[in-house]
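Chain and residue survey
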Amino acid sequence: MLAFANAKINLGLLLAEKRSDGYHNLQTVFYPVKLYDSVELVDAATTFCTVKGIDIPGDAQDNLCVKAFKQLQADFGLPNQQIVLLKHIPVGAGLGGGSADAAFLIKLANEKFKLGLSTAKMEGYARALGADCAFFIANKPVYATEKGDCFEALEMDLSKYFIVLVKPPVHVSTAEAYRNASVKQPAVSLKELINLPISQWKEKIFNGFEATVFAQYPQIDEIKTKLYAAGATFALMSGSGSSVFAIFKQPVSLPELEKENLVFYDI
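What you see is a predicted model; the values in this text were computed from it and never measured. (Residues numbered from 1 in each chain as written. Predicted model: local features only at pLDDT ≥ 70, side-chain atom pairs only at ≥ 80, totals over all residues. Heavy atoms only, no water.)

Observations regarding the state of the cysteines
Put simply, the test is: In plain terms, two cysteine sulfur atoms within 2.5 Å form what is called a disulfide here. Burial classes: relative accessible area under 20% of the type maximum marks a residue as buried, over 50% as exposed, and values in between as partly exposed (1.4 Å probe, protein chains only).
Summed over the entire model, instances satisfying the criterion amount to 0 disulfides. Just so you know, cysteine 65 is unpaired, no disulfide at all, and the nearest cysteine sulfur is the one on cysteine 49, 6.0 Å from it. Its relative accessible area of 0% is what places cysteine 65 among the buried residues. Of all cysteine sulfurs, the one in cysteine 65 lies closest to cysteine 133, which takes part in no disulfide; the gap is 8.6 Å. Owing to a relative accessible area of 0%, cysteine 133 belongs among the buried residues under this scheme.

Remarks on helix H3 (residues 119-127)
Applicable threshold: A helix here means a DSSP run of H or I that spans at least four residues, while a strand means a run of E at least two residues long, and both kinds are numbered starting from the N terminus. Throughout, the arc means the angular range of directions from the helix axis out to the C-beta atoms. Note on contacts: a residue pair qualifies if any of its non-hydrogen atoms lie within 4.5 Å across the two residues.
For H3, every residue scored as buried is listed here: Met122, Glu123, Tyr125 and Ala126. For H3, the arc enclosing every buried residue in end-on projection is 160°, short of the 170-degree limit, so these residues lie on one face. Those residues of H3 that are exposed and aimed more than 90 degrees away from the buried face are Ala120 and Lys121. Those residues of H3 that are buried are in contact with helix H1 (64-76), helix H2 (97-112) and helix H4 (135-138).

Quick look at unusual backbone geometry
In this structure, the amide linkage connecting glycine 241 to the following residue, serine 242, adopts the cis form with an omega of 20°. Locating serine 242 in the fold gives a position in the loop between strand S8 (234-237) and strand S9 (244-248). A positive phi angle, close to 60°, is found at asparagine 139, a residue other than glycine. Structurally, asparagine 139 can be placed in the loop between H4 and strand S5 (142-145). Phi angles above zero are rare outside glycine, and aspartate 266 is one such case at about 50°. With a relative accessible area of 36%, aspartate 266 lands in the partly exposed category.

Right, here's the structure in full:
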């Protein structure tokens, strides 16, 4: 059985305070976008993972998808499976690709083996794997707080806009981004700001990782500047980087940015 795991972007990201467990309390809005990996489960003699497409750093057998499946296998006695992962979502881009793959693996196993798991139960398995992983179970826009795993549904639809994503040839370490980011309790909640007209987001909605990431990787800052110069209504680095997305009112072509970066249109 096969599933298509989509990426997400962060419409704002505020780091409110550091927690005693090493995580941060944050405010963000997760929004699903049309950029996909594929995840497949195939009956096999042993459980292992095969990765195709974009290379993933590290051992494929330590992949989040393997960890997700082994959780379910231990609880439900599932038969061994080959996990075939075709990577298209850029790695180290702040798009949640690894988390999405694991969440969709959980949903795929639930369907294939008729486990009857509720959304809440599947979110519980996903939360054990990563802070943003549970978002991809329901896979709908949310206002996320605490570690990024406490959700409040949002009525948000950007389908009338044209969203472009630019991924430079840079890998930003999430751990390093968190270590260097400034932490500040926001004066106004992102939940309130996200309800403003999109034309006001540029002056009101920010990503708390941008300052330190841009200082280390100025080419990411340049991409954001060029997206605004091309007429974007709003542009922001997604998550801890390195990708930058932009919201346009109409389709756009960005050949200059395509020369050195991956550019994904209408995601």
